[in-house]
Amino acid sequence: MKWTNLAIIFFLLELSLFIILDMRTFNLAAIVNQKVEYNKALDSAIDDSVINLVEVDRQKELVLNKEKVVEQFYQALYANFGIMGNPSLEKKLKEYVPVILVTDEDGFYLYYSDTYDTGEENIITQYWSEKQPYVYEISNYIINFTLNTFLTVYDKNTCEIYEGEYKDLQDMFQNTLLAEEETFHMVRRNAIISAIEVKMNYYINKYNNIAKQFGITYQFWLPEIDKTDWYRTIDDISMLVLFQGYPYRFDSMDTYNRYAIGGARIKKSRVYYISEENGRKFYHKSDCNHLSKSGHTTAFYTREECALEGAYPCSVMINRNESGDTIP
């Protein structure tokens, strides 16, 4: 074979490889852009709905409207994905939400899927679970935690029940891991997260079994949720949504997978925004003079969230404390 023929073959191979790589790069860029749009759609849907979760909040009376919030969430999700008014596509989109979590002060609810037989066919429908307590067992006690420091303790030896603030019941725990307040908060948080994870895994596995019956091959799973996000979820009444397996395109094997969190009573009076200067990120208060008036649409509500984004406090914040007074 002449060297010219070899050169032509080599050129064609190189050209084919270049085209394939170029197509992959183009597809990757398209997926990245699509992911940004999906993130906005999901975040917007949960933010628009969760603000209506707390219906009554006064003194010791707290009423949640879970049904209304889930309905509003799906309506917003349909609108954000551009399928509002198309029942078949709305039904299909719901299949990518295996479970929704709502945390209450003394327990949590899960919105999960199940089937019922109409006589002619099985249909997937969704239900709210009963309230699941934040239960933890230690030594001779069974403890029901809350999102704050109030707790209920059942003594297995005496069969007595004690209720109250941790400070008032602290003497009961002198010979346990909960004797120290710092340890109490650590155990409380971990117990709440563990109780939620166990039930979420149960309902996700249940949904996987149901999904197979309807030809859904995607394997749903509980992702590793960042501890900071968990603390945001159990810091107050909130809503967490799992959205998994949604294809970026019909011909793509790549799927969109994400969880989103919304706080029902989050205090938004203090808002931070992140800017980038000379390759470094800085976070500012919303009224900071060093922050440009446009181009900052993502709000953060704690310094910890900003730090996780790799941002440092701006010079104004370094020289001032949180009350706005200049530090000497």
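No experiment lies behind these values; they were computed from the predicted model shown.

The next thing to look at is the nonpolar core. Side chains of nonpolar character tend, in soluble globular proteins, to be buried together. In this structure, Ile143, Phe145, Phe173, Ile196 and Met200 are the most contacted members of the largest nonpolar core, which totals 39 residues. The dominant element in this core, judged by the number of residues it contributes, is helix 5 (residues 181–213), at twelve residues. When near neighbours in sequence (up to four residues on either side) are disregarded, phenylalanine 145 contacts Asp106, Tyr134, Tyr136, Phe150, Leu178, Phe184, Val187, Arg188, Ala191 and Ile192. Formed by 35 residues, the second largest nonpolar core is a distinct cluster that contains Leu42, Ala45, Phe81 and Tyr248.

What follows is about the sheet that holds strand 14 (residues 311–313). Taken in spatial order, the three strands line up as 12-13-14 in an open sheet, and their pairing is mixed. Either end of the sheet is taken by a strand with one partner, and the two such strands are strand 12 (272–277) and strand 14. Going across the sheet, the axis of each strand differs from the next one's by a mean of 40°, ignoring polarity. As defined by bridge partners, strand 12 adjoins strand 13 (residues 280–285) across six bridges and the pair is classed as antiparallel. Bridging across to strand 13, tyrosine 272 finds its partner in lysine 285.

With that settled, consider helix 2 (residues 66–80). Across its 15 residues, helix 2 extends 21 Å between first and last C-alpha, which sits within 8% of the 21 Å expected from 1.5 Å per residue. Within helix 2 the residues assigned to the buried category are Lys66, Val69, Val70, Phe73, Tyr74, Ala76, Leu77 and Tyr78. One or two steps after helix 2, the chain reaches glycine 82, where phi turns positive at roughly 70°.

On to the confidence of the model for the chain, then. Averaged over the chain, the pLDDT score is 81; the fraction of residues at 70 or greater is 79%. For the stretch residues 321–328, pLDDT sits under 50, and the model shows 14 contacts to residues farther than four places along the chain or on other chains.

So, about the pairing of strand 13. Here strand 12 folds back onto strand 13, and the loop between the two strands holds two residues, one of which, asparagine 278, carries a positive phi near 55°. Inspection of the sheet shows strand 13 paired to strand 14 by three bridges, in the parallel sense. Counterpart to phenylalanine 282 in the pairing with strand 14 is tyrosine 312.

Let us look at the environment of leucine 77. The residue leucine 77 is located in helix 2 in this model. Its relative accessible area of 0% is what places leucine 77 among the buried residues. Residues leucine 77 and aspartate 48 lie 29 residues apart in sequence; the distance between their C-alpha atoms is 9.8 Å. If sequence neighbours within four positions are ignored, leucine 77 has contacts with Ala41, Leu42, Ala45, Leu93 and Phe243.

Attention shifts here to the pattern of salt bridges. Once the charged atoms of two side chains with opposite charge are near each other, the side chains can pair. The full count for this structure, using the stated rule, is ten salt bridges. Residue aspartate 106 is joined to lysine 131 by a salt bridge in which the shortest nitrogen-to-oxygen separation is 2.7 Å. Separated by 25 residues along the polypeptide, aspartate 106 in the loop between strand 3 (99–104) and strand 4 (107–117) and lysine 131 in the loop between strand 5 (122–128) and strand 6 (132–138) bring together distant segments of the chain. Judged by its relative accessible area of 39%, aspartate 106 falls in the partly exposed class. Several salt bridges converge on common partners, so that one network encompasses Lys91, Lys92 and Glu95.

Working note: non-glycine residues mostly have negative phi, and peptide bonds are mostly trans. Despite not being glycine, cysteine 159 shows a phi value in the positive range, around 65°. Structurally, cysteine 159 can be placed in the loop between strand 8 (150–155) and strand 9 (161–165). Cysteine 159 gets classed as exposed once you look at its relative accessible area, which sits at 52%. Phi at asparagine 278 takes a positive value of approximately 55°, unusual for a residue other than glycine. Examined against the element boundaries, asparagine 278 turns out to sit in the loop between strand 12 and strand 13.

Rules used in this analysis
Residues numbered from 1 in each chain as written. Predicted model: local features only at pLDDT ≥ 70, side-chain atom pairs only at ≥ 80, totals over all residues. Heavy atoms only, no water. Core = buried A, V, L, I, M, F, W, Y, C linked by side-chain atoms within 4.5 Å. Buried < 20%, exposed > 50% of the residue type's maximum accessible area, 1.4 Å probe, protein only. Helix = DSSP H or I, 4+ residues; strand = E, 2+ residues; numbered from the N terminus. Contact = heavy atoms within 4.5 Å. Pairing = 2+ DSSP bridges. Axes fitted to C-alpha atoms, helices over the stretch in contact; angles between N-to-C directions. Expected span 1.5 Å × (residues − 1). pLDDT = per-residue confidence, 0-100. Salt bridge = Lys/Arg side-chain N within 4 Å of Asp/Glu carboxyl O.

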